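Overview (structure and organization)
What follows is each chain in one-letter form.
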Amino acid sequence: MDHAEGSTQNAAHRVPVCYRHPDRETGVRCTRCERPICPECMVSASVGFQCPECVRGGSGTGHAPTASRPRTVAGGPVTADPRLLTKVLIGINLAVYLVQLAVGYSFTDHFELVGRVQFSQFGPVEGVAGGQYYRLLTAMFLHSPTSYTHILFNMLSLWWIGGPLEAALGRARYLTLYFVSGLAGSALTYLLADPLQPSLGASGAIFGLFGATGVLMRRLNYDLRPLIALLVINLIITFMPGFHIAWQAHIGGLVAGVAVGYAMIHAPREKRTLVQYGACAVVLAVVVVLTLVRTAQLT
């Protein structure tokens, strides 16, 4: 953990603050001294951005901070509200949960992830195997109506992990990571779980954010032990009997998050966009293959 700026930052929950503006969080660092810098302090250099002190010392390009649009460590544009999409995702999850409570199981049954089921002897086959592939996506925004702790813990995790990660990646890359991880978790659940067993929750996507956060912390030389401890606790709970947790969604999301996160963080600058979204395309291709294989098994 970096303590150079005079305040202890929990990297698992918070991104650094600008060394000149302590009230501003940022995922960008000076390429020479590695101090965190906000958009106002960024000076465009030949590689990345530098702080005003390094530029005045003769190490920068001398360009004005507005000469080039500031970028995050993953190459995304820096925005005024770096947590906007995280707030939107939390709002969508909460809104859908309220609909579940108001409408009841008739709503949840139509959108939760289930492999193959017939609700009556002569009724149609429903579930992903019945062509309802949208369930792989919609299940990511549903939570158990009988358990307030389910959505509470997921939304707290999304805020703690997702907010800083969005600031570090940028909105487009963050949102792509979220959905790719969630779909990977749904696909693995569909492949391995009992086709009659329903599954729902944002946990697959959130575990993907965990994985990508670990890659980012490693890249920034942060202490990984707090994140690893939190992840281990979550995995222990995942596999504990009696909790009825879809471990497949957690593992699928985590693996996808590490893979996509590595591509996002370590992509070479000259081919950054191609590598980043190419990795997402590969993971989505795997999701499609797993889905088709399982569908063939169930039909």
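Above this note sits the structure.
Values in this document were obtained by computation on a predicted structure and should not be read as measured data. (Residues numbered from 1 in each chain as written. Predicted model: local features only at pLDDT ≥ 70, side-chain atom pairs only at ≥ 80, totals over all residues. Heavy atoms only, no water.)

Within the protein chain, the secondary structure is distributed over 10 helices and 2 strands. For the protein chain, the sequential pattern of α-helices and β-strands runs β-β-α-α-α-α-α-α-α-α-α-α. The long-range fraction of contacts in the protein chain, counting pairs at least 24 apart against all pairs at least 6 apart in sequence, stands at 64%. Total accessible area on the protein chain stands at roughly 14400 Å², and carbon and sulfur atoms take up 63% of it. (Helix = DSSP H or I, 4+ residues; strand = E, 2+ residues; numbered from the N terminus. Contact = heavy atoms within 4.5 Å. Areas by Shrake-Rupley, 256 points an atom, 1.4 Å probe, with all protein chains shown as cover.)

The next point concerns a nonpolar patch on the surface. On the surface, a nonpolar cluster with roughly 500 Å² of combined accessible area is contributed by I228, V232, I233, I236, I237 and M240. Tracing the sequence through the fold places I233 in helix 8 (residues 225–239). (Patch = residues over 30% accessible without salt bridge, like charges linked within 9 Å, V, L, I, M, F, W, Y side chains within 5 Å. Salt bridge = Lys/Arg side-chain N within 4 Å of Asp/Glu carboxyl O.)

If you look at the biggest cluster of nonpolar residues, it comprises 52 residues, and the most contacted ones within it are L158, L165, L169, Y174, Y178 and L209. Residue assignment for this core shows that the elements contributing at least two residues are helix 2 (84–103), helix 5 (148–169), helix 6 (171–192), helix 7 (203–219), helix 8, helix 9 (247–266) and helix 10 (272–298). The element contributing the most residues to this core is helix 7, with 9 residues. Residues contacting L165, with those up to four places away along its chain left out, are Y174, L177, L209, A212, T213 and L216. If you look at the next biggest cluster of nonpolar residues, it comprises 12 residues, including C38, M42, C54 and V78. (Core = buried A, V, L, I, M, F, W, Y, C linked by side-chain atoms within 4.5 Å. Buried < 20%, exposed > 50% of the residue type's maximum accessible area, 1.4 Å probe, protein only.)

Counted by the stated rule, this structure contains 4 salt bridges. Across the pair E25 and R83 runs a salt bridge whose closest N-O atoms are separated by 3.4 Å. A residue pair is termed long-range when its members are at least 10 positions apart, and E25 in the segment before strand 1 (43–44) and R83 in the loop between helix 1 (52–56) and helix 2 qualify at 58 residues. Classification of R83 by relative accessible area gives buried; the value is 12%. Of the charged contacts in the structure, one is a salt bridge between R225 and D223, with a shortest N-O distance of 3.0 Å. Exposure remark for D223: the relative accessible area of 24% places this residue in the partly exposed category.

With that settled, consider the packing of helix 6 against helix 10. Interaxial distance between helix 6 and helix 10 falls to 9 Å at its minimum, and their mutual angle equals 20 degrees. Taken together, the axes of helix 6 and helix 10 lie roughly parallel to each other. In the packing of helix 6 onto helix 10, the handedness of the crossing is left-handed. Taken together, the residues that form the contact of helix 6 with helix 10 break down as 15 nonpolar, 5 polar and 3 charged. (Axes fitted to C-alpha atoms, helices over the stretch in contact; angles between N-to-C directions. Parallel < 35°, antiparallel > 145°, perpendicular 65-115°, else oblique. Left-handed = near helix turned anticlockwise from the far one by under 90°. Nonpolar A, V, L, I, M, F, W, Y, C, P; charged D, E, K, R; others polar.)

Our focus in this paragraph is helix 10. Helical geometry note: an α-helix holds 3.6 residues per turn, so side chains three or four residues apart project in the same direction. With 27 residues, helix 10 extends 40 Å between its outermost C-alpha atoms, agreeing within 8% with the 39 Å of an ideal straight helix rising 1.5 Å per residue. What helix 10 keeps buried is the set R272, Q276, A279, C280, V283, V287, T291, R294, T295 and L298. Considering only its buried residues, helix 10 is in contact with helix 4 (135–138), helix 6 and helix 9. (Expected span 1.5 Å × (residues − 1).)

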